[in-house]
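A look at the structure
This is what each chain is made of:
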Amino acid sequence: MSAMAETLPLDAPRLMPATPILRMEGITRRFGNVVALKNVSATVYPGEVLGIVGESGSGKSTLLRLMNLEDSPDEGHYRLDIPDADGNLFDLDRYARRMLRARHIGIVYQNPHLGLLMRNSSSGNVAERLLIAGERRFAELRARAEDALSASEFPLERMDAPPIELSGGMQQRVQLAKAIALEPALLLLDEPTTGLDVSVQALVLDTLKRLQRDRAITMVLVSHDLGVIRTMADRVMVMRRGCVVEQGLADQIFQDPQHEYTQALVHAKL
Amino acid sequence: MPNCENAMIDDNALLARSEPATSGARAVLEVENLTKHFDMHHLGKRLLAFEGMSFRVFPGQFLLLRGQNGAGKSTLLRTLYRSYRPKGGHIWLNTDEGRIDLARAADVDIALLRRREIGFVTQFLNPRPRVAAEDIVAEPLRLAGRSKEEALAEARRWLEEFGVKPELWAAYPSTFSGGEQQKVNLARALILPQRLLMLDEPTASLDVGARQALVRRLAALKEAGVAMIGVFHHRADIADLVDSELDLTTKEPCDVAE
């Protein structure tokens, strides 16, 4: 009987026909002898925030990198419901992946060094994303970089400073501005507030909430911090040792966790 | 008109015995054989909350849940809202789009239904950092597609109705007192009439004025056909609204004294 709730999200009877924006099926990823992901599937609907929680080594960041097409799995399918993205996206070559990523997917890494050129100006970091997508008019580049930076609540008087001169919270805002500059269909967030102090963390999360509300950006948020997930996510996927052990609406995961591991996780937090 | 038949408990064949107060009206909610238990893995135990519960609720009907502490009143509400996952049975909701079993519906549909059809009022507000009271209240209208100005005007009207002082409207509720937070919570939860409204002790920390405003609003929603299921500590407040009662201690429906 308890199997009923666990099988819900993918094959449950549907009332309103909504097409998932992201669908991953049967993803397996091995690194040598280590199986990082075992037959993982994930679905994300337009406008929602999917939270992925799990301890270190659970496979959550590996999954996010696959969503960003930085890596390929040993098995599995990946579809995005966006223009010019037909079939299994893992079949695309490097150039096609790069173009798809530039136009439709934004990512914010925990480590700003992965996402930013630290010695270029902050506005230049954002403009670079627009250049890849084909924008060449200088005034337009500048205006759109400004727009993205102010949407990320970055102080515009600092927009020409290089990220290396900025605080961690400000660097995350530059990453965020770069990620949203092209109004991506999908925004991927890999531990975006880990390592920031609590007040800065609250500001970054609030900015993300605001973006989601005002621009209806679909987000996938990876974090080991249950508080962050609870504040942000509509639905939550719990991962452990490369498997999805449980998924559900955020209030279900926090108020009525089913799996032994999720219960231990939630009880440890509360 | 009170009618205990609307809230019927029967472990076997359901729905057959009960006739709606307004004959011909279709039930908003049909609960059949609903079962909920909790598996507590760290204790190796299963805790039964209720099983085989069945009842119906019709448009404009107010069903009061009764029972001692721990009888499962809040558990039932949360299970109907799908914060708790049902373990058996059906929760049929009749919507304009069709009939859907909330016990089995996909999470994404539940999320959508919570925006459009099913409201839930608790005694707790979960204030988000740096969001003004009036924006919190206006949000359901914004999500329903109203313009910002229109939604804010309506939000302020309800904040005033529930007795929140105008100087607090643009402030962040995380620093408000429990009672003021609850007023913001109520204004938000009740601003947009929904098909089914669940109320979990909404009067718990309210002053008399706000309680009266709440009862006025509930009466208007009832008049507009909103079906309600509620747990109330101060039962006298809503005595005039209650059509039927469900006692979770005895699992028996009972008449409401007029």
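Residues numbered from 1 in each chain as written. Chains lettered and ligands numbered in written order. Predicted model: local features only at pLDDT ≥ 70, side-chain atom pairs only at ≥ 80, totals over all residues.

1. Quick word on the overall build of chain A
- Counting its secondary structure elements, chain A contains 12 helices and 9 strands.
- Taking 2.2 N^0.38 as the reference for a compact globule, 270 residues should give roughly 18 Å; the C-alpha atoms of chain A span a radius of gyration of 19 Å, in line with that estimate.
- Scored against the burial criterion, the 270 residues of chain A give a buried share of 44%.
- Relative to all contacts within chain A whose residues are 6 or more apart in sequence, the contacts with residues 24 or more apart total 67%. (Helix = DSSP H or I, 4+ residues; strand = E, 2+ residues; numbered from the N terminus. Rg over C-alpha atoms; globule rule 2.2 N^0.38 Å. Buried ≥ 20, exposed ≤ 12 C-beta atoms within 10 Å, placed from the backbone. Contact = placed C-beta atoms within 7 Å.)

2. Let's talk about the confidence of the model for chain B
All names here are of chain B.
- For chain B, mean pLDDT is 84; residues scoring 70 or higher make up 85% of the total.
- Confidence, expressed as mean pLDDT per element, reaches its minimum in chain B at strand β10 (residues 252-254) with 52 and its maximum at strand β8 (residues 227-231) with 96.
- Scored by ipTM, the complex comes to 0.80, with pTM at 0.84. (pLDDT = per-residue confidence, 0-100.)

3. A closer look at helix α1 (residues 73-81) of chain B
Residue and element names in this part refer to chain B.
- For α1, a buried count of 8 out of 9 residues is recorded, marking the element as mostly surrounded by other parts of the structure.
- Residues of α1 that are buried include every one of Lys73, Thr75, Leu76, Leu77, Arg78, Thr79, Leu80 and Tyr81, and no others.
- Arg82, located one to two residues past α1, shows a positive phi value of around 75°.

4. A word on the sheet that holds strand β7 (residues 218-222) of chain A
All names here are of chain A.
- Read across the open sheet, the 6 strands follow the order β5-β6-β7-β3-β8-β9; overall the sheet is mixed. Looking along the sheet, the strands with just one partner apiece sit at the ends: β5 (105-108) and β9 (243-249). The sheet shows a mean angle of 15° between the axes of neighbouring strands, direction not considered.
- Helix α8 (residues 168-180) rests against β5 and β6 (186-190) of the sheet, and its axis sits at about 175° to β5. (Pairing = 2+ DSSP bridges. Axes fitted to C-alpha atoms, helices over the stretch in contact; angles between N-to-C directions.)

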